[in-house]
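Fold and contact review
What follows is the residue order along each chain.
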Amino acid sequence: MHYQLIHKSIEFIEQHLEEDLDLEKVAKAAGLSKYHFHRVFRKYVNKNVHEYIRARRLSQAANLLLYSETRILEIALQYGFESQEAFTRAFKEIYDLPPAQYRSQVRLLIQEREVFTMSEITGWYITGTHPDNYKVEIDPRVCYKTSPSMHLHSNEEAAQDDNGFGTLMQQFQAREYRGKRMRFSGFVRTEDVTGWSGLWMRVDDHQQNMLAFDNMQNRSIQGTTEWNHYACVMDIPSEADVINIGILLSGTGQVWLGECEFEEVGKDVPVTDGSTGAVNLPSGPQNLKFDQQQQPEQSASS
């Protein structure tokens, strides 16, 4: 599946950000030709490989500016820029400030900044089996790109609840998305997740009956992982009334979520509906007359 190839390629990029990287090397790591990989990567990540690598390098450089005393020239060379001037131009395009000014001004903002609690994060709320065992905040220290990430993590009480989970979520009307194929995606980073984690998406009708659901449990995120791109994709039926989206943490650990998107995609992007278990079933009814003793594979080949 293409999502698995994207995960593999992003893992490769994250592991080699400080090395010489180009489309051909990343495509080779994913096992595709560079032309095919370029199309697939752009379709699923909404940026080409060069743009992605550049953004991640600048994000890592920004963290070094804020949380280390490394000289700007050393940071520029560490992340593949030929000179401090080239680094400054690229950095300013995204962060609107030259590196030195960013280091001095944003450091002051972080020092004075209070942690945002759930009551201050518009549109989102936390729930689950025991919501009190989980906490959510905006984390200014861990950024995917330029914006602080959402941080969902367990407390000590969560370790006593083997089957507990917490989820950060929101819900909204489905009216304008009916008949469309929609994708909820984001970049996720985890640390010491003992159970599992994943994005999730659910579609309900006006009676709160579930029409479609995917929580990534069949492709869950576990343990400690660097930033990677994940998505839930599903068709929104005409009778849909409410769409729910979120990220789930089962057990203990920490999860960061950044750069979320909710967008329409083409029919060439496969759905990930976790409730569709019919893929391994026959395409139609079999042996309705009870007169076939052969296995389906044998009768099909006879």
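Residues numbered from 1 in each chain as written. Predicted model: local features only at pLDDT ≥ 70, side-chain atom pairs only at ≥ 80, totals over all residues. Heavy atoms only, no water.

When helices and strands are counted, the chain shows eight helices and nine strands. Relative to its 302 residues, the chain shows a buried fraction of 44%. In the structure as shown, the chain presents an accessible area of about 16500 Å², 47% of it carried by carbon and sulfur atoms. (Helix = DSSP H or I, 4+ residues; strand = E, 2+ residues; numbered from the N terminus. Buried < 20%, exposed > 50% of the residue type's maximum accessible area, 1.4 Å probe, protein only. Areas by Shrake-Rupley, 256 points an atom, 1.4 Å probe, with all protein chains shown as cover.)

Bringing helix H2 (residues 23-30) into the picture now. Within H2, burial applies to Val26, Ala27 and Ala30. Looking down the long axis of H2, one finds its buried residues gathered within 100 degrees of arc, a one-sided arrangement. Exposed residues pointing more than 90 degrees away from the buried face of H2 are listed as Glu24 and Lys28. Of the surrounding elements, those touching the buried residues of H2 are helix H1 (2-15), helix H3 (34-45) and helix H4 (49-67). The backbone nitrogen of Glu24 has a side-chain oxygen 3.3 Å away, supplied by the residue at the start of H2, namely Asp22. (Arc of directions from axis to C-beta. Contact = heavy atoms within 4.5 Å. Polar contact = N/O pair within 3.5 Å; in protein donor to acceptor, adjacent residues only side chain to side chain.)

With that settled, consider the packing of H4 against helix H6 (residues 84-95). Axis separation between H4 and H6 bottoms out at 11 Å; the angle between their running directions is 95 degrees. On the basis of their axis angle, the class for H4 and H6 is roughly perpendicular. Across the interface between the two elements, Arg54, Leu58, Ser59, Ala61, Ala62 and Leu65 of H4 pack against Phe87, Ala90, Phe91, Glu93, Ile94 and Tyr95 of H6. Classifying every residue of the contact of H4 with H6 by side-chain character gives nine nonpolar, one polar and two charged. (Axes fitted to C-alpha atoms, helices over the stretch in contact; angles between N-to-C directions. Parallel < 35°, antiparallel > 145°, perpendicular 65-115°, else oblique. Nonpolar A, V, L, I, M, F, W, Y, C, P; charged D, E, K, R; others polar.)

Before going further, it helps to spend a moment on H1. A rise of 1.5 Å per residue sets the reference length of H1, with its 14 residues, at 20 Å; its end C-alpha atoms lie 20 Å apart and thus fit the reference within 8%. Tucked inside the fold, the buried residues of H1 contact H2, H3, H4, strand S5 (181-204) and strand S7 (221-235). (Expected span 1.5 Å × (residues − 1).)

Each regular strand displays side chains that alternate between the two surfaces of the sheet. Among the 10 residues that make up strand S2 (residues 134-143), seven are buried, leaving the element largely enclosed by the rest of the structure. Across seven bridges, the pairing between S2 and strand S3 (residues 148-154) is antiparallel. Bridge pairing links Asp139 to Ser149 in S3. (Pairing = 2+ DSSP bridges.)

Let us now look at the environment of Leu211. Topologically, Leu211 is positioned in strand S6 (residues 210-214). Considering only alpha carbons, one finds Leu211 and Glu239, 28 residues apart in sequence, at a separation of 8.7 Å. Beyond its immediate sequence surroundings of up to four residues, Leu211 is in contact with Val203, Asp204, Asp205, Pro237, Glu239 and Ala240.

Further remarks concern the packing of H3 against H4. One way to put it is that H3 packs onto H4 with a least axis distance of 9 Å and a crossing angle of 55 degrees. What the angle tells us is that H3 and H4 run oblique. Of the residues in H4, those in contact with Phe37, Phe41, Arg42 and Val45 of H3 are Val49, Glu51 and Tyr52. When the residues that make up the contact of H3 with H4 are grouped by side-chain class, the tally is five nonpolar, no polar and two charged.

Below, the discussion takes up the nonpolar core. Judged by nonpolar contacts, the single largest core of 31 residues is most densely connected at Val188, Leu199, Met201, Ile236, Ile243 and Ile247. Sorting the residues of this core by element identifies S2, S3, S5, S7, strand S8 (242-250) and strand S9 (254-264) as the ones contributing at least two each. Considering each element in turn, this core owes the most residues, seven residues, to S5. Setting aside residues up to four positions removed in sequence, Ile247 forms contacts with Leu152, Gly166, Thr167, Leu168, Val188, Ser197, Gly198, Leu199, Trp200, Val255 and Leu257. Membership of the second largest hydrophobic core comes to 26 residues, among which are Ile10, Phe37, Phe187 and Val265. (Core = buried A, V, L, I, M, F, W, Y, C linked by side-chain atoms within 4.5 Å.)

One pass over the full model with this rule turns up 11 aromatic pairs. Here the aromatic rings of Phe91 and Tyr95 are separated by 4.4 Å at their centres, their planes lie at 15 degrees, and the arrangement is stacked. One end of the pair is Phe91 and the other is Tyr95, both in helix H6 and four residues apart, which spans about a single turn. What makes Tyr95 buried here is its relative accessible area of 10%. (Phe/Tyr/Trp six-rings, centres within 6.5 Å; stacked < 30°, edge-to-face > 60°.)

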